[in-house]
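# Breakdown of the fold
This is what each chain is made of:
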Amino acid sequence: MIGKLGNRLTQIFLKYMPNAFVFALALTLLTVLIALIWLGSSPLNIVTSWYKGFFDLLDFAMQIVLIIITGFCIALSPIVRKAIDKLTLIIKSPGQVYVLVVFIGGILTLVSFGWIVITSVFARELAKRVKGINYPFLIACTYFSGNVWVMGFSSTIPLMLNTNNNFLMDAGVLGEIIPTNFTLQSSLNMAFLVIMLIGGPLVMFLLKPKSAEGKELTQLITSSDTSESLTIKEEAKSLKLPFPTWSDRLNNGSLIQLLVSLMGIVYIIYHFYTNGFDLNFNIMIFIFLIIGLILHKTPMRYVLAMQRSSSNVSGILFQYPFYAGIMGIMLYTGLGERLGQVMASLATLDTYPFYAYLTGAMVNFAIPSAGGEFAVVGPSVIKAVTEMGTGLSEIEITKMISRASLSIAYGETITNMLQPFYLLLVMPVMGKGVKLQARDIMGYLILPFVIFFIIQSLLVIYWPM
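Notes on the structure follow. (Residues numbered from 1 in each chain as written. Predicted model: local features only at pLDDT ≥ 70, side-chain atom pairs only at ≥ 80, totals over all residues. Heavy atoms only, no water.)

## Considering the overall build of the chain
Heads up, the rule is: Think of it this way: any DSSP run of H or I at least four residues long counts as a helix, any run of E at least two long counts as a strand, and we number them from the N terminus. Here the globule rule reads 2.2 Å times residues to the power 0.38, and the radius of gyration is calculated from C-alpha atoms. Here's how the labels work: a residue is buried when its accessible area is under 20% of the maximum for its type, exposed when over 50%, partly exposed in between, all with a 1.4 Å probe on protein chains only. Should any heavy atoms of two residues lie within 4.5 Å, those residues are counted as being in contact.
Counting its regular elements, the chain contains 25 helices and 0 strands. Relative to the 2.2 N^0.38 estimate, which gives 23 Å for 465 residues, the radius of gyration of the chain is 23 Å and therefore close to what a compact globule would have. Taking the principal axes of its C-alpha atoms as reference, the chain extends roughly 80 × 55 × 45 Å. Here the chain holds 465 residues, and the buried ones make up 54% of them. Contacts in the chain between residues far apart in sequence, at least 24 positions, make up 83% of those at least 6 positions apart.

See the structure below:
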């Protein structure tokens, strides 16, 4: 019954969901219309706001590209491939693969959502080795696993609340930082974490398609796929000249690369020694890069691995600016702030967590960045919550602000299952050499969205902090 419903929703998405880039363009025009009609903004103000935001995510886009290719590069190393080969001796059924990918992906993104790239590589390699896997559904499982990141170590909003002189303190919205024991270490966040790590794999297992006919990876790979008939080591060897040269010795020697890798290891140790467990994007990219250098041993092998890893990142390069433009309209016309004010005005002491959750879910379509979204709607929501808590103790108000902030964060993540923005992290790895689009994937996530939207809504309202 539930499987048939999932298949039906998938077919609907196949018919009606456009390419991810068309989705971004349509969302741009929808945001323009809302700003025109609801705010009464002038067309010129909207266009200039769109342009002003258009390049705000360039740094972020470059970080995402580097996360993908450096992570993928690690997975192309012989040691990782051998480890996955050994794992497939134990994992033999599609159901086991789906459950394992969702669970392992949740654990990895608990450290950082950028690690969904590692899950993507892991899932693709399993799909090559285990028969009967519905590959579009496996991509959906991988994408779904990324929902756990908001409960983990790199969750933007809780970390920002615990940062001295954050923008809320500068604006006078908060008087002092809110430690993570009110947010990430709270009972509410622990409940969310358990639900996602246990309930997530279970739900995706129950929703697994009965058939993989025509949808296995081996059946979907096109003849244009650059998938390697030669290993990286073999290709590096084939590029050598037929006679000894110093250039080949440098290209295929390990000494230079080893020395640079040692420099990297020294800095990584220094970073964590001086900053604690500060796992930001830049240090993650650096760690991935150094690990790749070590695993591939020679410059030529690393160059070839990076070439193979970077062959499918065009979607990120040209789609991120359009989402940044949407964010610009929301931010610079005041549309995002207005939406936050409306949601806050509707809330009461009993319902404010749900309205905060709903705000996060809705604004995520236009600003698919937790930090960017919170900068737009967070102040309005927190001001309203503070006013509601008048007369309560300071610690009770802090708990209310923490619940509202977490609710925005959870809402911001749940609607990723309805829009394909962060699928851009997954498809460069899992979509390589196959003719699959967002419409082939997103339909599998409708029922999980509905199920977890209901569960999470109840949790943010009723579960104690």
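## Describing the side chain of Thr119
Residue placement: Thr119 occurs in helix H7 (residues 116-129). Those residues in contact with Thr119 that lie beyond four places of it in its chain are Val101, Gly105, Leu108, Thr142 and Ser145.

## Overview of unusual backbone geometry
One non-glycine residue with positive phi stands out, namely Lys297, at about 70°. Structurally, Lys297 can be placed in the loop between helix H16 (281-296) and helix H17 (299-309). A relative accessible area of 51% places Lys297 in the exposed class.

## Observations concerning a nonpolar patch on the surface
Operational definition: Patch definition: residues above 30% relative accessible area lacking any salt bridge, with like charges linked at up to 9 Å and the nonpolar side chains Val, Leu, Ile, Met, Phe, Trp and Tyr linked at up to 5 Å. The accessible surface values rely on the Shrake-Rupley method and a 1.4 Å probe; as for residues, cover is taken only from the protein chains in view. By convention in these notes, a salt bridge is any Lys or Arg side-chain nitrogen within 4 Å of a carboxyl oxygen on Asp or Glu.
A grouping of Leu255, Leu258, Leu259, Leu262, Ile265, Ile269 and Ile294 is seen on the molecular surface, where their side chains present a nonpolar patch of about 650 Å² in accessible area. Along the chain, Leu259 falls in helix H15 (residues 255-275). Take Leu259: its relative accessible area is 48%, and that puts it in the partly exposed class.

## Let's talk about the packing of helix H21 (residues 370-388) against helix H22 (residues 394-414)
Put simply, the test is: The axes are straight lines fitted to the C-alpha atoms, using for helices just the contacting stretch, and the angles between their N-to-C directions are given from 0 to 180°. For any pair of crossing helices, the crossing counts as left-handed if the nearer helix is rotated counterclockwise from the farther one by less than a right angle, and right-handed if it is rotated clockwise. Each residue receives one of three labels: charged for Asp, Glu, Lys and Arg, nonpolar for Ala, Val, Leu, Ile, Met, Phe, Trp, Tyr, Cys and Pro, and polar for the others, Gly being one of them.
H22 packs onto H21 with a crossing angle of 145° between their chain directions and a minimal axis gap of 9 Å. Crossing handedness for the pair H21 and H22: right-handed. On the side of H21, the interface is formed by Ala370, Glu373, Phe374, Val377, Gly378, Val381, Ile382, Val385, Thr386 and Met388, while H22 contributes Met400, Ile401, Ala404, Ser405, Ile408 and Glu412. Grouping the constituent residues of the contact of H21 with H22 by class yields 11 nonpolar, 3 polar and 2 charged.

## Concerning the nonpolar core
In summary, soluble globular proteins display a tendency toward joint burial of nonpolar side chains. Definition in use: We call a set of buried residues a nonpolar core when its members are Ala, Val, Leu, Ile, Met, Phe, Trp, Tyr or Cys and they connect through side-chain atoms within 4.5 Å of each other.
Ranked by size, the top nonpolar core spans 138 residues in total, and within it Tyr135, Leu138, Ile139, Tyr320, Tyr410 and Leu423 carry the most contacts. The biggest single contributor to this core is helix H4 (residues 58-75), with 11 residues. If near-sequence neighbours (up to four positions away) are discounted, Leu423 is found in contact with Ile139, Tyr143, Pro428, Ala438, Ile441 and Met442.

## Things to note about the packing of aromatic side chains
The relative placement of two aromatic rings is captured by the distance of their centres and the angle of their planes. How we decide: Aromatic rings from Phe, Tyr and Trp, with only the six-membered ring used for Trp, were paired whenever their centres fell within 6.5 Å, and each pair was classed as stacked if the ring planes differed by under 30 degrees, edge-to-face if by over 60, and tilted otherwise. For a lysine, the NZ atom is tested; for an arginine, the CZ atom; a charge sits over a ring if that atom is within 6 Å of the ring centre and within 35 degrees of the ring normal.
Following the criterion strictly, the structure yields 13 aromatic pairs and no others. With centroids separated by 5.9 Å and ring planes inclined at 50°, the aromatic side chains of Tyr267 and Tyr270 adopt a geometry described as tilted. Here Tyr270 and Tyr267 lie together in helix H15, a separation of 3 residues that amounts to about one turn. Given a relative accessible area of 39%, Tyr267 falls into the partly exposed group. Given the relative accessible area of 48%, Tyr270 is considered partly exposed. In textbook terms, an aromatic cluster arises when at least three aromatic residues are bridged by ring pairs, as seen for Trp50, Tyr51, Phe54, Phe55 and Phe322. For the cation-ring pair, Lys52 lies above Tyr332, with the distance from its terminal atom to the ring centre recorded as 4.4 Å. The side chain of Arg338 reaches across the aromatic face of Trp38, ending 5.8 Å from its centre.

## Focus: helix H20 (residues 352-363)
We apply this condition: Here the expected span of a helix is defined as 1.5 Å times the quantity of residues minus one.
Its 12 residues give H20 an end-to-end C-alpha distance of 16 Å, which sits within 8% of 16 Å, the value for a rise of 1.5 Å per residue. Within H20, the full set of buried residues consists of Tyr352, Pro353, Ala356, Tyr357, Thr359, Gly360, Ala361 and Val363.

## Considering a positive patch on the surface
Our working rule: A positive count includes Lys and Arg, and a negative count includes Asp and Glu. His and the chain ends are not counted in either. Every charge is mapped onto a representative atom, which is NZ of Lys, CZ of Arg, CG of Asp or CD of Glu.
Together, Lys82, Lys86, Lys233, Lys237, Lys240 and Lys297 give the surface a local cluster of positive charge. Elements represented by at least two residues in the positive patch include exactly helix H5 (78-87) and helix H13 (232-238). Structurally, the position occupied by Lys233 is in helix H13. Taking relative accessible area as the criterion, Lys233 reaches 54% and is therefore assigned exposed.

## Topic: the side chain of Ser405
Among the structural elements, Ser405 can be located in helix H22. Residue classification places Ser405 among the buried residues on the basis of a relative accessible area of 1%. Sequence-distant contacts of Ser405, that is, excluding residues within four places in its chain, are made with Ile157, Leu161, Phe374 and Ile382.

## Focus on the pattern of salt bridges
Across all of its chains, the model carries 3 salt bridges by this definition. A salt bridge links Glu125 to Arg129; the shortest N-O distance between them is 2.7 Å. With Glu125 and Arg129 both in helix H7 and 4 residues apart, this pair spans about one turn of that helix. Residue classification places Arg129 among the partly exposed positions, given a relative accessible area of 27%.

## Regarding helix H6 (residues 94-111)
Between its terminal C-alpha atoms H6 stretches 26 Å, which fits the 26 Å expected from 18 residues at 1.5 Å a residue. Those residues of H6 lying buried are Gly95, Val97, Tyr98, Val101, Val102, Gly105, Gly106, Leu108, Thr109, Leu110 and Val111.

## Description of the environment of Pro78
Relative to the assigned elements, Pro78 resides in helix H5. The spacing of Pro78 and His296 is 218 residues in sequence and 8.0 Å in space, taken between C-alpha atoms.

## Re the environment of Met330
On the secondary structure map, Met330 appears in helix H18 (residues 314-332). A sequence separation of 65 residues divides Met330 from Ile265, and the C-alpha atoms of the two residues are 42 Å apart. If we skip the residues at most four places from it in the chain, Met330 touches Thr31, Leu335, Gly336, Val363, Ala366, Ile367 and Val376.

## Some words on the packing of helix H8 (residues 135-145) against helix H23 (residues 423-430)
Using the following cut-off: What sets the label is the angle itself: under 35 degrees gives roughly parallel, over 145 gives roughly antiparallel, 65 to 115 gives roughly perpendicular, and the rest give oblique.
Contact geometry for H8 and H23: axes closest at 10 Å, N-to-C directions at 135°. When the axis of H8 is compared with that of H23, the two are oblique. Of the two elements, H8 crosses H23, and the hand of that crossing is right-handed. Listed contacts from H23 to Tyr135, Leu138, Ile139, Thr142 and Tyr143 of H8 are Leu423, Val426, Met427 and Met430. When grouped by side-chain class, the residues that make up the contact of H8 with H23 number 8 nonpolar, 1 polar and no charged.

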